[in-house]
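Remarks on the overall topology
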Amino acid sequence: MAHLFLALFLLVFGLNLLFGLSIPMWVTGVLAVIAGLLLVMERFGVRVDRK
């Protein structure tokens, strides 16, 4: 899941940079924070199980 958000962030950031899309910076920031948190949680083995 973390890699999915990281890939989505990189695509949005790259397209915004290359083509000058009017995607707000807070959208890319939120994607980066979510991807970073998920990668850190995955690294330290934090699990969130549904009940």
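Structure shown above.
This is a predicted model, so every value here is computed, not measured.

**A look at the side chain of T28**
- On the secondary structure map, T28 appears in helix α2 (residues 25–43).
- A distance of 2.8 Å separates the side chain of T28 from the backbone oxygen of M25, its partner in a polar contact.
- Excluding its chain neighbours within four sequence positions, the residues that come into contact with T28 are F9, V12 and F13.

**Some remarks on the environment of L39**
- Mapped onto the elements, L39 comes out in helix α2.
- In this structure L39 comes out as partly exposed when scored by relative accessible area, which is 29%.
- In the structure, L39 is positioned 34 residues away from F5 in sequence and 9.5 Å away in space, judged by C-alpha atoms.
- With near-sequence residues (within four places) excluded, L39 lies in contact with A2, H3 and L6.

**Looking at the packing of helix α1 (residues 2–19) against α2**
- Closest axis-to-axis distance for the α1/α2 pair is 8 Å, and the angle between their directions is 155°. Our classification of the angle between α1 and α2 gives roughly antiparallel. Of the two possible hands of crossing, α1 and α2 adopt the one that is left-handed. Along its contact with α1, which presents A2, H3, F5, L6, L8, F9, V12 and F13, the element α2 presents T28, L31, A32, I34, A35, L38, L39 and E42.
- Within the contact of α1 with α2, the residues separate by chemical class into 13 nonpolar, two polar and one charged.

Conventions used here
All chains use their own residue numbering, which begins from 1 and follows the written sequence. Given that this is a predicted model, residues contribute local features only at a pLDDT of at least 70 and side-chain atom pairs are listed and counted only at 80 or more, while totals for whole chains, interfaces and linings are drawn from all residues. Working from all heavy atoms in the structure, the side-chain values ignore hydrogens and water. In this description a helix means any DSSP run of H or I spanning at least four residues, a strand means any run of E spanning at least two, and both kinds are numbered starting from the N terminus. Counting of polar contacts relies on pairs of N or O atoms within 3.5 Å, with two restrictions inside protein: one atom must be capable of donating a hydrogen and the other of accepting it, and residues adjacent in sequence are counted only when both atoms are side-chain atoms. By definition in these notes, contact holds between two residues if any of their heavy atoms fall within 4.5 Å. Only protein chains enter the calculation, and the probe is 1.4 Å; a residue is then buried if its accessible area is under 20% of its type maximum, exposed if over 50%, and partly exposed in between. Axes, fitted as lines to C-alpha atoms, cover a helix only where it is in contact. Angles between the N-to-C directions of the axes lie from 0 to 180 degrees. Working rule for angles: under 35 degrees goes down as roughly parallel, over 145 as roughly antiparallel, 65 to 115 as roughly perpendicular, anything else as oblique. Here is the rule for handedness: rotate from the far helix to the near one, and if that takes an anticlockwise turn smaller than a right angle the crossing is left-handed, while a clockwise turn gives right-handed. Nonpolar residues are Ala, Val, Leu, Ile, Met, Phe, Trp, Tyr, Cys and Pro. Charged residues are Asp, Glu, Lys and Arg, and all others, Gly as well, are polar.

Any link to function would need more than the numbers given here.
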